[in-house]
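Architecture and fold: a report
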Amino acid sequence: MGLEAYGFIGLTGQEVSRFEIPWEGAAPEKEAVRLEGPAVETDRIRYIKETRGAAPGDVTDVVLEGGTLKITVLPATTRADFTLVVGDRRIGRDEFTLHTRTADDKFARIEEGRVMYRLYTPEGSGKRPMILFLHGGGNGGHEGERDNQKHIVTDYGPVNFAEDYPDVYVMAPMAVEARRDMSTFNMNRGFASSDSLNVPGYGWSRDYIALVLDIIRRMVAEGKVDEKRIYVTGMSMGGAGTIRAMSVGSDLFAAAVPVCPTMTPETFSILKSIRRPVWVTSAYIDHTLYRHKYLVDAVMYLRDNGNNDAHLTLFSPEELEKYDVAITPGLPYPKLFGENHASWIPTYKNEYGIMSWLLNQVKE
């Protein structure tokens, strides 16, 4: 047996909740076991600890069974580094094999031509609905570095769809992204200049989306997917991809939920032209400060022009805090706006019945 860690996809994405390590001799005292590192040593974690008495990473149980030491912790993110300390022994995150519930067991790894994707297949027979999920920027791969894993475990999303809606196909393709230095990203960049993030042939480009949609059309032709109940959603860059998909495959989708979508002249124009049911969500203000203005303008334009199934939700601070988004007091504005970006959490947790609405749409 090696060093094993077990987790799931929580609100912060992939989280670890249990460690198992080979062990000889008596079990250490619980006080001798702790999790250290950037994953648990943040102002947010300290605030949760102060106000609730327990926080992510806290050890809750240490049990020795058959030569295996089993350590349970309050779920902690794996997006940042951590070290498990057991007495005098220190074990880094990369030394563990991490098993992720549902992602490992039920999402097939598939590659067709340029398209690499993960697919959850429901057990039910006959045609089933499908959710197409498009991940956000930074969660895809680069040329030659595509692992077909990061994009489904980084954020709350497709794995949770498979658990919440087990009768529905969930398709999560991975986009190939252009290399860029996100540390130079300016949250105040102008509306038109945001097109500089769209590198032709990378991300959720029209040609790549078309290849993804061809796979879905084949599944429809094979009698697997219900052609009247195909839905698309995605966050940030994937929110823009969701809008773009409604142009590339306007005949395919029953409805769309773009979440905090990147707004450019192209996506703004497409969003204003959508005639199918669409529900756009974002925070009351996001890390790209112009975003909500263009969302409001586009959705109001749709409704003024007869699309009464066009909806917009801008989550309030209180609604975000319900899911522990931006809860640390006194956050400087850039960090506050950055944390607000996680508006996909209340969206995919079905606030306002958004996901129920989506899955109830049927294409005429």
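For the structure itself, look to the data block above.
Now for a look at the structure at hand. (Residues numbered from 1 in each chain as written. Predicted model: local features only at pLDDT ≥ 70, side-chain atom pairs only at ≥ 80, totals over all residues. Heavy atoms only, no water.)

**Looking at the overall build of the protein chain**
Secondary structure assignment for the protein chain yields twelve helices and 16 strands. A compact globule built from 364 residues should have a C-alpha radius of gyration of about 21 Å, and the protein chain, at 21 Å, falls within 12% of that. Taking the principal axes of the C-alpha coordinates as reference, the protein chain spans close to 70 × 50 × 40 Å. Within the protein chain, buried positions represent 53% of all 364 residues. Taking the intrachain contacts of the protein chain between residues at least 6 apart in sequence as the baseline, contacts between residues at least 24 apart amount to 72%. Carbon and sulfur atoms provide 49% of the accessible area of the protein chain, an area that totals close to 15,700 Å². Taking the average place of the 41 positive charges on the side chains of the protein chain and the average place of its 50 negative ones, the gap between the two points comes to 5 Å. (Helix = DSSP H or I, 4+ residues; strand = E, 2+ residues; numbered from the N terminus. Rg over C-alpha atoms; globule rule 2.2 N^0.38 Å. Buried < 20%, exposed > 50% of the residue type's maximum accessible area, 1.4 Å probe, protein only. Contact = heavy atoms within 4.5 Å. Areas by Shrake-Rupley, 256 points an atom, 1.4 Å probe, with all protein chains shown as cover. Lys, Arg positive; Asp, Glu negative; His and termini not counted. Charge placed at Lys NZ, Arg CZ, Asp CG, Glu CD.)

**A few points about the pattern of salt bridges**
All told, the structure shown has 24 salt bridges when counted by the stated rule. The residue Arg 114 makes a salt bridge to Asp 207 at a minimum N-O spacing of 3.5 Å. With Arg 114 in the loop between strand E9 (107–112) and strand E10 (115–120) and Asp 207 in helix H5 (residues 206–221), the pair connects residues that are 93 residues apart, well separated along the chain. What makes Arg 114 partly exposed here is its relative accessible area of 40%. (Salt bridge = Lys/Arg side-chain N within 4 Å of Asp/Glu carboxyl O.)

**Things to note about the side chain of Arg 244**
Along the chain, Arg 244 falls in helix H6 (residues 237–248). A polar contact of 2.9 Å, which involves the side chain of Arg 244, links it to the side chain of Glu 266. (Polar contact = N/O pair within 3.5 Å; in protein donor to acceptor, adjacent residues only side chain to side chain.)

**Points about the layout of surface pockets**
A water-sized probe, rolled over the atoms, reveals where empty space remains. A volume near 390 Å³ is recorded for the second largest pocket. As for the second largest pocket, its lining consists of 14 residues, and the residues nearest its centre are Gln 14, Thr 78, Arg 93, Asp 94 and Leu 98. Grouping the amino acids of the lining of the second largest pocket by side-chain chemistry returns five nonpolar, four polar and five charged. (1 Å grid on protein atoms, 1.4 Å probe; cavity = no way out; pocket = protein on both sides within 12 Å on 5 of 7 lines; lining within 4 Å. Points joined across faces, edges and corners; volume = space filled by probe spheres on them. Nonpolar A, V, L, I, M, F, W, Y, C, P; charged D, E, K, R; others polar.)

**Some details on the nonpolar core**
Of all hydrophobic cores here, the largest spans 43 residues; its most connected members are Phe 161, Trp 344 and Tyr 348. Filtering out sequence-adjacent residues up to four positions away, Phe 161 remains in contact with Ile 131, Phe 133, Pro 166, Val 170, Thr 233, Tyr 348 and Met 355. By size, the runner-up hydrophobic cluster in this structure holds 42 residues, among which are Leu 134, Tyr 208, Ile 243 and Val 280. (Core = buried A, V, L, I, M, F, W, Y, C linked by side-chain atoms within 4.5 Å.)

**So, the pairing of strand E1 (residues 4–10)**
The buried fraction of E1 amounts to six of the seven residues, a majority that puts the element mostly inside the structure. The pairing of E1 with strand E8 (residues 97–100) spans four bridges and is classified as parallel. Following the sheet pairing, Ala 5 is matched in E8 by Leu 98. Counted between consecutive antiparallel strands, the loop separating E1 from strand E2 (residues 13–22) contains two residues. (Pairing = 2+ DSSP bridges.)

**Remarks on the sheet that holds E10**
The sheet built from eight strands is open, its strands ordered E9-E10-E12-E11-E13-E14-E15-E16 with mixed pairing. Across the chains shown, the open sheet's two edge strands, defined by having one partner strand only, are E9 and strand E16 (310–315). Recorded for the sheet is a direction-independent mean angle of 20 degrees between the axes of neighbouring strands. Pairing analysis gives five bridges linking strand E13 (residues 225–235) to strand E14 (residues 255–259), with the strands arranged parallel. Each residue of the ladder has a partner; that of Tyr 231, found in E14, is Ala 255. Packed onto the sheet, H6 meets strand E11 (128–134), E13 and E14 and runs at close to 145 degrees relative to E13. (Axes fitted to C-alpha atoms, helices over the stretch in contact; angles between N-to-C directions.)

**Section: the environment of Gly 234**
As for its position among the elements, Gly 234 is in strand E13. When the C-alpha positions of Gly 234 and Val 259 are compared, they lie 5.9 Å apart, and in sequence the two are 25 residues distant. What Gly 234 contacts, discounting residues up to four positions off in sequence, is Phe 133, Leu 134, Gly 239, Thr 242, Val 257, Pro 258, Val 259 and Tyr 348.

**With respect to the sheet that holds strand E7 (residues 89–92)**
Ordered in space as E3-E6-E7, the three strands form an open sheet in which the pairing is antiparallel. A strand with exactly one partner marks an edge of an open sheet, and here the two such strands are strand E3 (33–36) and E7. Here the average twist between neighbouring strands, direction ignored, is 20 degrees. With four bridges joining them, strand E6 (residues 83–86) and E7 adopt antiparallel strand pairing. Opposite Val 85, over in E7, you have Arg 90 as the bridge partner.

**Overview of helix H8 (residues 291–304)**
When the terminal C-alpha atoms of H8 are compared, their 20 Å separation across 14 residues agrees well with the 20 Å that a helix rising 1.5 Å per residue should span. When H8 is considered as a whole, its buried residues turn out to be Arg 291, Tyr 294, Leu 295, Ala 298, Val 299 and Leu 302. Along the axis of H8, the buried positions cluster into a sector of 125 degrees, meaning they face one direction only. Close packing links the buried residues of H8 with helix H7 (265–273), strand E15 (278–283) and E16. After H8 finishes, the residue Gly 306 shows a positive phi value of roughly 100 degrees. (Expected span 1.5 Å × (residues − 1). Arc of directions from axis to C-beta.)

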